[in-house]
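Descriptive structure summary
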Amino acid sequence: MIKLIVYDLDGTLLDTASVVLDLLNFYRKKLNKPELLKEDILPWLSIGGQKLIENALNLNDEIAIKYLEKF
């Protein structure tokens, strides 16, 4: 009997890149950085949340962890 089904919604079943982009640009604005385009973040979407934040916000790993918790 199947008790649990897990869906990978980060691009597999739903295109969530636009939502992620909006969140990243929200934080970039707070950091006084220019907005990114969807094409900018696509290579980072599948490398894990912390690396996504590090790359998109141009932060070191210690600070990126704090943003990841908020994200």
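Residues numbered from 1 in each chain as written. Predicted model: local features only at pLDDT ≥ 70, side-chain atom pairs only at ≥ 80, totals over all residues. Heavy atoms only, no water.

1. Here's the deal with the overall build of the chain
Along the chain, the regular secondary structure elements total four helices and zero strands. Each helix and strand of the chain, placed in order from N terminus to C terminus, yields the pattern α-α-α-α. The 71 residues of the chain split such that 24% are buried. Of the contacts formed within the chain by residues at least 6 apart in sequence, a portion of 38% connects residues at least 24 apart. (Helix = DSSP H or I, 4+ residues; strand = E, 2+ residues; numbered from the N terminus. Buried < 20%, exposed > 50% of the residue type's maximum accessible area, 1.4 Å probe, protein only. Contact = heavy atoms within 4.5 Å.)

2. Topic: the pattern of salt bridges
Close approach of charged atoms allows side chains of opposite charge to pair. Applying the stated criterion across every chain, the model contains one salt bridge. Lys 51 is the partner of Glu 54 in a salt bridge, and the nearest nitrogen-oxygen pair spans 3.3 Å. Here Glu 54 pairs with Lys 51, and both are found in helix α3 (residues 49–57), just three residues apart, close to one helical turn. Exposure remark for Lys 51: the relative accessible area of 43% places this residue in the partly exposed category. (Salt bridge = Lys/Arg side-chain N within 4 Å of Asp/Glu carboxyl O.)

3. Description of the nonpolar core
Counting residues in each nonpolar core, the largest one holds 13 residues, and the members touching the most others are Leu 24, Ile 41, Ile 53, Leu 57, Leu 59 and Tyr 67. Those elements that place two or more of their residues in this core are α1 (17–30), α3 and α4 (61–70). Sequence-distant contacts of Tyr 67, defined by excluding residues within four places in its chain, comprise Tyr 27, Leu 31, Ile 53, Leu 57 and Leu 59. (Core = buried A, V, L, I, M, F, W, Y, C linked by side-chain atoms within 4.5 Å.)

4. Looking at unusual backbone geometry
Positive phi, normally seen in glycine, also occurs at Asn 32, with a value near 60°. Structurally, Asn 32 is set in the loop between α1 and α2 (38–41). Among the residues examined, Asn 32 registers a relative accessible area of 72% and is labelled exposed. The backbone phi angle of Asn 58 is positive, close to 55°, even though this residue is not glycine. Within the secondary structure, Asn 58 sits in the loop between α3 and α4.

5. Topic: the packing of aromatic side chains
All chains considered together, the criterion is met by two aromatic pairs. Taking the centre distance of 5.4 Å and the plane angle of 90° together, the rings of Tyr 27 and Tyr 67 count as edge-to-face. Note that Tyr 27 is positioned in helix α1 and Tyr 67 in helix α4, a separation of 40 residues in sequence. This pair shows no difference in class: Tyr 27 is buried, exactly as Tyr 67 is. (Phe/Tyr/Trp six-rings, centres within 6.5 Å; stacked < 30°, edge-to-face > 60°.)

Such coordinate-based values are descriptive only and should not be taken to indicate function.
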